[in-house]
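Descriptive analysis of the structure
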Amino acid sequence: MIFTLTCEFPMFSMTALRATLALLAVSAFSLSAAASTVQETSVSGGDYSGEWQKPTVIGFGSDSIVGTWSQGNDYDILALTGLTKGAQDITLTFSPITGTTYSDSFSAGGNVFWKTSPLQYSGWEGTPLGSIGIQKEKFYTPQTLTLSLDSSFGGELYLQLYGTYGSLQYNISAPGNASLASKPTIASAVPLPAGIFLMFGGLAVLGGVAATRRRKA
């Protein structure tokens with residue numbers, strides 16, 4: 001009876017160990033996949049860079065970027081440097097700023113350009129994504145631009161948002177900036193609890209005892 005219980009115990013422990021490791025893997029995934037929102041008011045100076053030579057860099061982990069165009073000729077140059085490589089969609093949604101004097105603006109709009117490498121010669125050398133034009137009679141209807149990147153995308157995206165008239169707010173949705181696909185080392189930052197190593201040691205001893213008894217039998 002004692003021999004039977006000893007042999008079955010390691011098998012039961014291995015099942016528990018697999019369940020524990022699976023739980024740890026899920027926890028690591030949830031932690032590393034967590035993303036945040038970048039607000040324009042939280043960056044240095046409270047405004048995204050308007051200089052094409054010195055864009056505001058948005059690193060890995062922020063899948064939502066919120067900003068504004070204020071009173072015309074407000075340029076925001078952004079560099080998303082930690083996106084997942086490969087095909088994905090980047091969505092830009094433009095909407096009125098409600099609850100302020102901005103909501104009384106007759107109209108607001110501008111143009112958006114994009115590029116997958118740093119700007120070299122001017123702030124207008126990117127590919128046009130589209131134009132935004134919100135009129136007073138349709139001021140409360142958001143407008144959306146979608147950038148569909150193909151499988152050749154290398155992970156860096158430069159956006160040029162040129163607000164030329166009026167005031168509005170925008171939200172850039174970049175789900176690929178919260179993906180684990182191109183960041184496999186993130187999960188390794190979550191340490192295994194010390195108890196796991198004790199469990200491995202205990203299982204090794206029990207396995208050796210069981211093997212010795214089988215040989216003697």
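Residues numbered from 1 in each chain as written. Predicted model: local features only at pLDDT ≥ 70, side-chain atom pairs only at ≥ 80, totals over all residues. Heavy atoms only, no water.

**Some words on the overall build of the protein chain**
A count of helices and strands for the protein chain gives two helices and ten strands. Counted from the first residue to the last, the protein chain has its helices and strands arranged as α-β-β-β-β-β-β-β-β-β-β-α. For the protein chain, the proportion of its 217 residues judged to be buried stands at 36%. When contacts within the protein chain are restricted to residue pairs at least 6 apart in sequence, long-range pairs at least 24 apart make up 81% of them. Within the structure as shown, the protein chain displays about 12000 Å² of accessible surface, and the carbon and sulfur contribution to it stands at 60%. (Helix = DSSP H or I, 4+ residues; strand = E, 2+ residues; numbered from the N terminus. Buried < 20%, exposed > 50% of the residue type's maximum accessible area, 1.4 Å probe, protein only. Contact = heavy atoms within 4.5 Å. Areas by Shrake-Rupley, 256 points an atom, 1.4 Å probe, with all protein chains shown as cover.)

**So, the confidence of the model for the protein chain**
Per-residue confidence for the protein chain gives a mean pLDDT of 75, with 60% of residues at or over 70. Within the model, pLDDT remains below 50 along residues 1-12, and this stretch shows eight contacts once partners closer than five positions in the same chain are excluded. Here residues 179-192 is modelled with pLDDT under 50, and outside its nearest four sequence neighbours on either side it reaches 20 contacts, counting other chains as well. (pLDDT = per-residue confidence, 0-100.)

**Here's the deal with the environment of Gly-176**
Mapped onto the fold, Gly-176 is located in the loop between strand S10 (168-173) and helix H2 (194-216). Linking Gly-176 and Leu-83, residues 93 residues apart in sequence, is a C-alpha distance of 5.4 Å. If we ignore the near neighbours within four places in the chain, the residues touching Gly-176 are Gly-82, Leu-83, Thr-84 and Gln-88.

**A word on the packing of aromatic side chains**
On inspection of all chains with the given rule, the structure shows eight aromatic pairs. Judged by centre distance (4.8 Å) and plane angle (70°), the ring pair of Tyr-75 and Tyr-162 falls under edge-to-face. Residue Tyr-75 is found in strand S4 (residues 74-80), and its partner Tyr-162 is found in strand S9 (residues 157-165); the two are separated by 87 residues along the sequence. An angle of 35° between the planes, with centres 4.2 Å apart, marks the rings of Trp-124 and Tyr-162 as tilted. Taken together, the positions of Trp-124 in the loop between strand S6 (107-115) and strand S7 (127-135) and Tyr-162 in strand S9 put the pair 38 residues apart, joining distant regions of the chain. On the accessibility criterion, Trp-124 (46% relative accessible area) is partly exposed. By the ring-pair criterion, three or more aromatic residues cluster together here, those being Tyr-75, Phe-113, Trp-124 and Tyr-162. (Phe/Tyr/Trp six-rings, centres within 6.5 Å; stacked < 30°, edge-to-face > 60°.)

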